[in-house]
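Summary of the model geometry
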Amino acid sequence: MDEIISGIIEAFHLIVTLDPEVMEIAQRSLTVSMEATIIAALIAIPLGAIIYYFSFRGKRIVIGTIQTLYALPTVLVGLLVYLLVSNAGPLGMFRMLYTTNAMVFAQVLLIIPIIAGLTIAGLSSLDKELKYTIQSLNASAFQAVATLCREAKFAIMSGVLLAFGRAIAEVGAVMMVGGNIRHFTRTLTTAISLNTSMGEFATSIALGIILLSIALIVNFGMNLIQTRHMGGEKDV
Amino acid sequence: MKKVLPVFGMVLLIVAVILTAGCVGTPGQETGNQTVTSTVTATPTATPTTGAVPDQLKIATTTSLYDTGLLDSVQDYYLETYNVDLLITSQGTGKAIESAKNGDVDVLLVHSPSQEAAFIDDGYGVNHRGIAYNYFLIVGPESDPAGIKGMTPEEGLTTLKNLGESGESNVIFVSRGDNSGTHSAEKNIWKAAGFNYTADISGNPGTWYIETGSGMGDTLTIAGQKQAYTLTDEATFLTYKNNNNLQLVPIIDEGASLLNRYTVMTINPEKYPNTNVKAATDFTNWLISKEGQKFIGDYGTETYGKSLFVPMSSLADSTVPPFSIDCSTPVTVPTVATA
Amino acid sequence: MSEEQVVGLDRITRVYGEKRALDEVSLSVFRGEILAVIGPSGAGKSTLMRICDMLEEPSSGEVTLFGMPVMKKTRKILRERVGILFQKTVLFDRSVADNVGIGLRYRGCSRDDINGRVAECLKSLGMEEYGCRSARTLSGGEGQRIAFARVLLTGPDLLLLDEPTANLDPLATKMLEDMIRTENAQHNTTIILNTHDQSQGMRLADRIAVLMDGKIVQTGTPDEVFYHPATVAAARFVGFQTLIEGSVLTVAEGCATVSTGAGLIRAPAGSVRSGDAVTVALRSEEITVSLSGTGTPGSGEGVSGTVCSVRKLGPVIEITADCGVLITALVPARQHVADVFAAGTRVHLSWQVSQVHLISG
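For clarity, every value in this text was computed on a predicted model and none was experimentally measured.

1. Notes on the overall build of chain A
When helices and strands are tallied, chain A shows 11 helices and zero strands. For chain A, the N- to C-terminal ordering of α and β elements is α-α-α-α-α-α-α-α-α-α-α. By principal-axis analysis of the C-alpha atoms, chain A measures approximately 65 × 50 × 25 Å. For chain A, with 236 residues in total, the buried portion stands at 54%. A separation of at least 24 residues holds for 75% of the contacts in chain A among residues at least 6 apart in sequence. About 10,000 Å² of surface is accessible on chain A, with carbon and sulfur atoms providing 69% of the total.

2. So, the UniProt feature "transmembrane region" (unreviewed entry) in chain A
Residues and elements named next belong to chain A. Using the residue numbers shown here, the UniProt feature "transmembrane region" (unreviewed entry) corresponds to residues 36–54, 61–84, 104–126, 160–181 and 201–225. The span residues 61–84 is 79% helical and 0% strand by assignment, and the distance between its end C-alpha atoms comes to 26 Å. Structurally, residues 160–181 is divided into 77% helix and 0% strand, and its ends, taken at the C-alpha atoms, are 28 Å apart.

3. Structural notes on the sheet that holds strand β16 (residues 301–313) of chain C
Residue and element names in this part refer to chain C. Taken in spatial order, the five strands line up as β15-β19-β16-β17-β18 in an open sheet, and their pairing is antiparallel. Two strands lie at the open edges of the sheet, namely β15 (288–291) and β18 (326–332), each paired on one side alone. For this sheet the average axis-to-axis angle between neighbouring strands, irrespective of direction, equals 45°. Note that β15 and strand β19 (residues 346–351) share four bridges and pair antiparallel. By the bridge assignment, S290 is partnered in β19 with H348.

4. Some remarks on helix α8 (residues 153–169) of chain A
Residue and element names in this part refer to chain A. Given a rise of 1.5 Å per residue, 17 residues ought to cover 24 Å, and the 24 Å separating the end C-alpha atoms of α8 matches this to within 8%. Counting buried positions along α8 gives 12 out of 17 residues, so the element sits mostly inside the fold. Three or more residues of α8 are buried, namely K153, F154, I156, M157, S158, G159, V160, L161, A163, F164, A167 and I168.

What counts, and where the lines are drawn
Residues numbered from 1 in each chain as written. Chains lettered and ligands numbered in written order. Predicted model: local features only at pLDDT ≥ 70, side-chain atom pairs only at ≥ 80, totals over all residues. Heavy atoms only, no water. Helix = DSSP H or I, 4+ residues; strand = E, 2+ residues; numbered from the N terminus. Buried < 20%, exposed > 50% of the residue type's maximum accessible area, 1.4 Å probe, protein only. Contact = heavy atoms within 4.5 Å. Areas by Shrake-Rupley, 256 points an atom, 1.4 Å probe, with all protein chains shown as cover. UniProt positions renumbered as here; feature names shortened; annotations may be inferred. Pairing = 2+ DSSP bridges. Axes fitted to C-alpha atoms, helices over the stretch in contact; angles between N-to-C directions. Expected span 1.5 Å × (residues − 1).

This is the structure we're talking about:
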């Protein structure tokens with residue numbers, strides 16, 4: 001009990017005084033996960049939209065697979081990226097292992113299914129008449145997909161934020177491919193893991209509080225978007 | 001779509017900006033306190049120490065060495081003094097060696113003689129030098145329910161096994177079980193005590209033998225919580241005991257099989273020509289230099305009242321058993337035979 | 001005069017799993033005409049629309065638009081000439097002006113061109129000050145008019161309207177109907193209109209097709225469809241409440257005498273012959289109700305019976321009497337009518353012979 005209380009007090013001290021190491025770690029976590037989320041969104045939203053818009057053989061299987069991959073084990077992604085970017089692996093020439101780029105890469109793989117899947121779900125929840133109207137107005141496939149994504153923007157954005165939350169809270173993959181190197185690849189989650197194993201509970205708690213705050217802000221943002229969305233629907 | 005990213009960014013950028021401001025702000029205050037002159041002359045673009053981009057050296061090491069904090073101190077000192085950024089990733093010895101074998105790091109810092117020998121023999125490592133040593137400890141609850149105090153490590157573990165298998169419920173041994181240096185030291189003790197580790201211990205566990213598969217710190221926590229015995233390196237134990245309310249004390253701290261020696265190796269550039277072999281050579285030479293050895297020997301004296309590591313250079317002759325490692329001959333950049 | 005065929009459907013069948021939404025539908029629609037497709041919900045009207053708009057492909061059969069067969073190659077060109085409006089108002093979550101202009105944007109028109117035409121269009125609707133508003137703020141009627149304007153701005157030669165007023169109030173319905181009529185009159189646009197509202201079909205259509213259970217059971221002028229339904233189901237759908245089975249006894253001078261459960265009923269013979277099994281169809285509003293023994297049935301004829309139910313329907317009262325078979329009549333809801341014709345009252349129901357319609361089979 002004492003450990004927890006003194007840990008929390010120490011944690012607030014670290015946060016209030018903007019402890020440089022804690023802030024650096026938090027900032028790295030944010031940068032890496034934001035980068036990963038933006039890259040993943042740029043890939044996954046068009047991907048999801050294309051899967052939604054076109055009919056093709058095996059479409060259901062593809063969507064089912066994407067949904068299954070929501071729960072993609074992070075260590076599996078870590079392992080895959082590790083093997084890919086390791087100096088002995090196919091992408092070894094870039095010497096990417098133990099860099100933030102490798103971490104971004106792993107997180108991108110991790111969250112592409114979430115964004116793509118929720119993009120498909122968001123688009124599917126649009127009225128089918130909307131798709132018909134766009135087609136009937138003779139939009140090109142690109143115009144149609146762009147218009148539909150714009151209409152589903154709230155749902156898609158929720159997906160993007162959810163994906164960001166998963167990326168920043170993930171520990172297995174970034175630990176494996178980032179190596180938890182101080183001043184270089186250490187993130188909130190890997191630092192919590194390390195500090196706990198070193199018995200530095202106060203730092204762990206401080207980092208945990210920051211992680212939780214980020215999750216709260218993201219959640220708050222998501223709620224805000226959804227309320228706006230609902231409010232909009234009432235007007236119709 | 002154009003609207004999606006800005007709104008998403010807005011939510012997150014606010015956080016990022018606040019944190020960035022915090023990061024930039026604090027070092028500024030520090031430099032202000034340290035040197036008045038540097039703040040006067042400093043231009044916004046110049047860094048206080050040196051303008052050159054630091055070289056980077058990737059090091060794989062074991063959790064038991066990293067968790068002591070020694071390498072973090074070395075990292076800070078080395079960056080400041082030599083403008084080389086040591087990028088240190090800590091894993092179990094097994095995984096550290098794996099990433100060295102894959103050429104993902106430039107330097108390997110471990111403490112597992114048999115695995116080191118295999119690594120060198122397979123041609124993955126060169127410039128093998130000893131840097132420091134200390135002793136493994138068998139730690140356990142103060143009450144010592146198995147009564148093994150004063151025994152040799154081999155006798156102690158044998159007694160634990162016998163009592164544990166006879167159903168003595170408060171006799172438990174916690175093992176790293178992760179192929180780490182500490183784990184292989186444990187295996188060596190079992191071997192010396194006359195057991196086949198795979199068949200008799202790991203392959204035939206009772207409730208008395210727990211494998212955590214985790215780092216040294218986690219394993220100590222588990223042993224503390226369960227009031228069990230475990231094998232630990234001295235440095236992690238001291239660090240951990242100091243940071244926590246760890247209810248464990250050293251029970252057996254003498255015996256030849258408890259020697260724990262730390263060595264450094266450079267990844268053979270013949271296997272991976274794209275490693276930073278120059279910086280690796282410099283770093284090895286620094287570790288065995290007077291300066292480096294003093295740094296290692298001094299580490300921890302302030303906090304723990306005693307040093308966590310004994311510099312290898314303090315030995316009269318490290319090349320004889322049980323150490324059997326060169327600790328003083330400077331290394332040179334290995335030449336790569338061109339095909 | 002040879003009419004130009006705009007839509008040609010040749011034995012179109014559309015199957016969803018087990019269900020045949022459309023079953024061998026053949027239909028021609030000609031340039032400049034308004035064809036109303038009527039039928040109960042689930043009859044396949046919307047499927048028919050989607051197939052005409054190339055949004056869905058038929059399981060079998062061929063579609064021809066403007067004389068061109070619908071194929072992958074021709075779809076893009078044909079779509080330029082076809083517009084569709086759904087029952088559910090489709091508005092994009094952007095400004096009213098953007099909504100109206102989006103079809104032109106897809107066609108790659110210049111921004112200035114779009115702005116000009118959108119402004120002109122909004123002006124003609126009397127909605128010029130709505131341009132900058134978010135489309136979400138529009139009322140149902142306004143929204144549907146904007147959605148319609150969006151389609152019209154692309155200059156379609158064929159308009160497909162799928163229950164366009166089903167969700168609108170009477171005033172908004174009238175405004176949209178006016179727009180439909182104007183478009184047809186000014187641009188000679190061919191229009192197919194789905195509706196379950198018979199009176200709307202009556203008001204707007206040049207021709208009506210009755211679609212039931214995926215089959216077209218009748219096409220004809222509104223008068224033909226409403227007063228001479230081809231099947232019992234169609235008769236029931238267009239408002240014949242009393243349908244009595246019987247057989248033709250004699251046919252003389254264009255007048256058939258039919259033996260029914262309510263006695264002998266005379267009707268214009270049409271094409272029936274003596275001995276045919278027929279159904280006698282009577283519109284409730286054509287039947288006059290009087291108390292037995294008071295006044296004469298006049299020039300018509302009728303039957304007597306006992307009132308078994310009285311339902312007030314606002315301006316009219318629906319009286320059902322047992323005359324051997326049940327016959328339903330509508331009478332104006334004057335004072336005390338409901339009391340006068342209370343259940344159990346003996347009444348006489350009468351009608352003009354010319355208003356009786358016989359359906360073969």
